[in-house]
Amino acid sequence: MLWPKYLYLLQNFNLMQEIKKYVEDNKQRFLDELFELLRFPSVSADPKYKGDVLKTADFVAQKLKEAGADKVEICPTAGYPIVYGEKIIDASLPTVLIYGHYDVQPADPLELWQTPPFEPTIRDGKIYARGACDDKGQFYMHVKAFELMMQTNTLACNVKFMIEGEEEVGSANLGIFVKANVERLKADVVLISDTSMISMENPSIETGLRGLAYMEVEVVGPNRDLHSGVYGGAVANPATILCKMIASLHDENNHITIPEFYDKVVELNDAEKEALNAAPFDLEEYKKDLAIDAEWGEKGYSTLERTGTRPTLEVNGIWSGYIGEGAKTVLPSKANAKISMRLVPNQNSDEISEIFAKHFEKIAPKGVKVKVTPHHGGEPVVTPTDSVAYRAAEQAILDSFGKKPIPTRGGGSIPIVALFEDVLGIKSVLFGFGLDSDALHSPNEKYDVYNYYKGIETLPLFHKYYAELSK
Ligand code: BES
Ligand code: MN
Ligand code: MN
């Protein structure tokens, strides 16, 4: 029988036309609203912006209500609130829990922005603003796709929104909220747009996120800063010692030297390696984009393997001694660094933090004292590619991009994803529409206007296929 198939395709075509028309008719407003959202400097790391972060939560709640969500609530936490809203249309339909974050990274260094970070500006079809891609531009696509489905009577699943304000500082309070609201957050899948695609020509879906163990270290030498001529050469210089200690954390193959660090790391098998490396990747382009003349990394692994499947250790910040204008001859009394490690399955952030602290204290030479303080952490995850939700996402991309998405492993971290699995027992789909070149956390962060609309058009298809395939 050809008829049902034909009818189905026709219905599908009609739905896509309807989606496109709604987006076309509301294009300017969708952009204006995102701009309004981007104008809030919702920097969660800096207490100076507290009022602005709170106002952002109000705005998000207001927009969820306007889009048609019920039970919209600004849920207080010990930190910034979580905005919740839902639309339950039929208990027999599957429920999609949409997660995103309305907080952003600090915008510094400000002088490197071409236009101010909280005055969104379009140049060359790209929206430049802090949070444009991470994650305001991306989570807001879900709010607009929801509005579209409500207005066109095409909502196919129950939806729950949970938009938090502390992702960029570790989501500690979201963890508490999730544990206390297991019943309210009951859902069949978590849908998150907070990751990247390879490119618009090569759409992809991330199927893994790395974990994180973030440490701060302090090396203390003499009880005060000293004259470097009077004491230099006879007293251990904490800045030199810290550099030596940090340098020793990688060997000549750029393999991390901390004992037990790799004990639980799972090596990919040949087939997995091959699949991973089959993704389009141009090393020359990569180097050119970053203005580097050579890539760097653990011997024996490709760049995609290094960022997607291997654990790493990076210095995020380092400071000591005199860094003001001109020269000051001083032997600093202490030196500090922030060091983070990206983790892969089955490493555990508490265990790795402990292993790191033990090792760092052990390699400290006589003459200095070392203090190690762990910051926030998070666990790695791998998301399934054989689930109904993944297939729905795959089909949605195929329809809207005309190409089947490539599964990839992302290098970033969204620590709460592992917690959704542990506490709620729900797997996630990382349905990101950003690009690695969107300059997340960097000056001149951007999000293509095209990607924003494309996301809004693709998301309703996910809901449709998820409902259909769940039957
Ligand atoms: N959205 C990013 C994570 C991300 C970016 C994943 C690109 C995959 C591709 C998220 O907002 C983020 O920045 N996470 C932090 C960790 C957090 C605990 C501060 C990160 O990855 O550094
Ligand atoms: Mn993010
Ligand atoms: Mn981020």
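Above: the structure in question.
Now for a description of the structure that goes with this document. Computed from a predicted structure; not experimentally measured. (Residues numbered from 1 in each chain as written. Chains lettered and ligands numbered in written order. Predicted model: local features only at pLDDT ≥ 70, side-chain atom pairs only at ≥ 80, totals over all residues. Heavy atoms only, no water.)

## Describing the site of ligand 1
- Residues in contact with ligand 1 amount to 18 residues; listed here are only the nearest, Glu167, Asp194, Arg342, Ser413 and His441.
- Within the side chain of His101, an N or O atom sits 3.2 Å from an oxygen atom of ligand 1.
- In the model, a nitrogen atom of ligand 1 is placed 2.8 Å from a nitrogen or oxygen of the Ser413 main chain.
- Burial of ligand 1 by the surrounding chains reaches 90%, relative to a free accessible area of 520 Å².
- Of the residues assigned to the shell around ligand 1, the class counts are 5 nonpolar, 7 polar and 6 charged. (Near = heavy atom within 4 Å. Polar contact = N/O pair within 3.5 Å; in protein donor to acceptor, adjacent residues only side chain to side chain. Areas by Shrake-Rupley, 256 points an atom, 1.4 Å probe, with all protein chains shown as cover. Nonpolar A, V, L, I, M, F, W, Y, C, P; charged D, E, K, R; others polar.)

## Thoughts on the coordination of the manganese ion (ligand 2)
- Around the manganese ion (ligand 2), the donor atoms from the protein are His101 (NE2), Asp134 (OD), Asp194 (OD) and Asp194 (OD), and they sit 2.0 to 2.4 Å away.
- Spacing between the donor residues of the manganese ion (ligand 2) along the chain follows H-x32-D-x59-D.
- The distance between the manganese ion (ligand 2) and the manganese ion (ligand 3) comes to 3.6 Å, and Asp134 binds to both of them. Pair noted here: His101 is in strand β3 (residues 95-101) and Asp194 is in the loop between β7 (189-192) and β8 (196-197), with a separation of 93 residues, a long-range link. This pair shows no difference in class: His101 is buried, exactly as Asp194 is. (Donors = N, O, S within 2.8 Å, 3.2 Å for Na, K, Ca; no water. Helix = DSSP H or I, 4+ residues; strand = E, 2+ residues; numbered from the N terminus. Buried < 20%, exposed > 50% of the residue type's maximum accessible area, 1.4 Å probe, protein only.)

## Here we look at the pattern of salt bridges
- One pass over the structure, following the stated rule, counts 23 salt bridges.
- In this structure, Glu66 and Lys63 form a salt bridge, with 3.1 Å as the shortest nitrogen-oxygen distance. A residue pair is termed a helical-turn pair when its members lie 3 or 4 positions apart in one helix, as Glu66 and Lys63 do in helix α2 (residues 50-67) at 3 residues.
- On the basis of relative accessible area, Glu66 is assigned to the partly exposed category, the value being 47%.
- Between Glu86 and Lys71 there is a salt bridge whose closest N-O contact spans 3.5 Å. Here Lys71 lies in strand β1 (residues 70-75) and Glu86 lies in strand β2 (residues 82-87), a separation of 15 residues in the sequence.
- Given the relative accessible area of 62%, Lys71 is considered exposed.
- Residues joined by salt bridges that share partners form a network here, namely Arg29, Glu33, Lys144 and Glu147. (Salt bridge = Lys/Arg side-chain N within 4 Å of Asp/Glu carboxyl O.)

## Some thoughts on the packing of helix α1 (residues 3-38) against helix α12 (residues 449-470)
- For the pair α1 and α12, the least separation of the axes is 9 Å and the interaxial angle reads 140 degrees. Between α1 and α12, the crossing angle belongs to the class labelled oblique. Handedness of the α1/α12 crossing: right-handed. Facing α1, whose interface residues are Tyr8, Asn12, Leu15, Met16, Ile19, Lys20, Val23, Lys27, Gln28, Phe30, Leu31 and Leu34, α12 presents Val449, Tyr452, Tyr453, Ile456, Glu457, Pro460, Leu461, Lys464, Tyr465 and Glu468.
- Among the residues making up the contact of α1 with α12, the classes are represented as 15 nonpolar, 2 polar and 5 charged. (Axes fitted to C-alpha atoms, helices over the stretch in contact; angles between N-to-C directions. Parallel < 35°, antiparallel > 145°, perpendicular 65-115°, else oblique. Left-handed = near helix turned anticlockwise from the far one by under 90°. Contact = heavy atoms within 4.5 Å.)

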